[in-house]
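Summary of structural features
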Amino acid sequence: MAMGQGTSNGLDETDTRAVTKANFLFHFAASNEWPVSVKEGEFHLTVVGNERLHAELVDKYAMKLIGAQPLTIHGYSRTEDLPSDGFHHLVYCDVGGAELNRLALALADTPTVLVSDSPDGLEQGALINFVSIGNRIRYEINAADAAKKGVLIGNKIMTWAVK
Amino acid sequence: MHTPSFPRFTFALTAVLIVLSTWTAAAQRSLERAEAFVRAGDWDAAHAVLAPEMDQAAYASNARAWFVLGFVQKEQFKASGASGLDAAERSRAVGSLQRALAMGTLSIRDEQTARDALDFLGRSYFREAIERVEGFTLGAEPEILGLMGRYESVLQSLNPAYDVTEQRADLHRYLGQAHANLLETERYAGTSEEQMLFDGAIAHYEASLTHAPAHYATLYNLAITLYNHGVRQLKRINHETSMFELMEIQDVCVGLFEQALLPMEQAHQRRPGRLETLKGLMTVHYALSQPEASDAYKRQIEAVLQKK
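Keep in mind that this is a model prediction, so the values were computed, not measured.

1. A short note on empty space enclosed by the protein
The final tally for this structure, using the stated rule, is one cavity of 30 Å³ or more. Taken as a whole, the largest cavity encloses approximately 80 Å³ of empty space. Taken together, Thr16, Thr20, Asn135, Arg136 and Ile137 of chain A together with Leu234, Gln250, Cys253, Val254, Phe257, Ala287 and Ser289 of chain B form the lining of the largest cavity. When contributions to the lining of the largest cavity are tallied by element, the ones reaching two or more residues are α1 (16–31) and β7 (136–141) of chain A together with α11 (243–270) of chain B. Per element, the largest residue contribution to the lining of the largest cavity is four residues, and it comes from α11 of chain B. Partitioning the lining of the largest cavity into residue classes produces six nonpolar, five polar and one charged.

Here it is, written out as structure tokens:
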């Protein structure tokens, strides 16, 4: 035949996990009940160590309303880059282990919900941790520790949690 | 009084022979006139002389007449610029030439010319099928398959042992690509046609694999089409997507990613050093939340790149 024998269509290089996680994070922001003290001004969602997730959030979710609060997305390469003076409602940290633990301790006294993607995420102090179940992205929650911070995990979020 | 039977039979036979020879002479004259027009390149005049005579008994078994008529019809087809399944001159030319050859009484030279003419007509079907694949539009598929069917039919009339397996595999692969290319344009995003295009692409790749099961490009393209369709669904997620919808979309996507894995692995087995399949496997495993497997292919990519 005259036509070529080669391949034609390229692989879509979209970061599929970033797309899914971004939507989960948006739901975590929108469906939880935050303390009154942080329900004014902007809603701060911060990503540490995952540029593509940050880009996805900026592209699709920046300035969307969380209640009455416009969503602001922040991105940092490392946990030590995270400014200590500002409040972050929701922080996603891509690295686990000791670095995650240090970040959890630094945020312990704030109503910040720390989200991780690490096999021992909850043990290291995250309140929500992404896990893989049946090749799908799901999440586990430490609802008790969230309540201690004054954050009430919403029913919709609880319903889909794996533990 | 009775007439002796032998003279009566002789009379009848003579009458039949006279009629037959008259027909044959007339037929011969029409054929000769048509050939004169052919030599002058006046195809329409040649056709006008010969075509009405072909219903006559004398012509029904005249291979040379069918050959000349077929040749004239082929030239008329060329002059008409017609194309597609509706090009009547071409269909008639094929029929006339096949009939001439089937009689088995053509001279060697005429037979070769008839075969060359049929080969030309067959390839014209093929060329048009390929043109339609290259400029593929939704709904063009039946015409393409029809043209290819006629191409194969002509080839097999010239050589009954001709094996069309490879060409069928190629055609289905090209149709798979044509469907997939339209999907990539996003012109049909979110429409019912999008699902038709996806189903069409997958069906053609699978049909191609039944003819050529280990064809690298078909396996790779099938995997890519499945994977990309999953990503396409995922990219529609936005701030209006509910948690329930997110879970449903994930189920659909993961199903497609899982389906993509097998042909991608088979393509990789065919050509283990190809970066595109290594990258494909790394990406599919990543999408399936299998970081260890994804990292293993990432390391293989790095190793291949280091060798370059």
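2. Description of the pairing of strand β6 (residues 128–133) of chain A
Residues and elements named next belong to chain A. With two bridges joining them, strand β5 (residues 113–116) and β6 adopt parallel strand pairing. When the bridges of β6 are listed, serine 116 appears paired with asparagine 129. As paired strands, β6 and β7 are joined by six bridges and run antiparallel to one another. The residue of β7 that forms the bridge with phenylalanine 130 is tyrosine 139. The loop that links β6 with its antiparallel partner β7 comprises two residues; one of these, glycine 134, has a positive phi angle of about 55°.

3. Observations concerning helix α10 (residues 216–234) of chain B
With 19 residues, α10 of chain B should reach 27 Å at 1.5 Å per residue; the first-to-last C-alpha distance of 27 Å fits that figure. In terms of burial, α10 of chain B is a largely internal element, 19 of the 19 residues being buried.

4. What to know about the pattern of salt bridges
Residue and element names in this part refer to chain B. According to the stated counting rule, one finds 24 salt bridges over all chains in the structure shown. For lysine 74, the salt bridge identified is with glutamate 75, shortest N-O distance 3.1 Å. When its relative accessible area of 8% is taken as the criterion, lysine 74 is described as buried. Here glutamate 75 ties to lysine 78 by a salt bridge, and the two come within 3.4 Å at their closest N and O atoms. Taken together, the residues glutamate 75 and lysine 78, both in helix α4 (residues 63–80) and three residues apart, mark about one turn of the helix. By relative accessible area, lysine 78 is classed as partly exposed at 42%.

Reading the values: rules and limits
Residues numbered from 1 in each chain as written. Chains lettered and ligands numbered in written order. Predicted model: local features only at pLDDT ≥ 70, side-chain atom pairs only at ≥ 80, totals over all residues. Heavy atoms only, no water. 1 Å grid on protein atoms, 1.4 Å probe; cavity = no way out; pocket = protein on both sides within 12 Å on 5 of 7 lines; lining within 4 Å. Points joined across faces, edges and corners; volume = space filled by probe spheres on them. Helix = DSSP H or I, 4+ residues; strand = E, 2+ residues; numbered from the N terminus. Nonpolar A, V, L, I, M, F, W, Y, C, P; charged D, E, K, R; others polar. Pairing = 2+ DSSP bridges. Expected span 1.5 Å × (residues − 1). Buried < 20%, exposed > 50% of the residue type's maximum accessible area, 1.4 Å probe, protein only. Salt bridge = Lys/Arg side-chain N within 4 Å of Asp/Glu carboxyl O.

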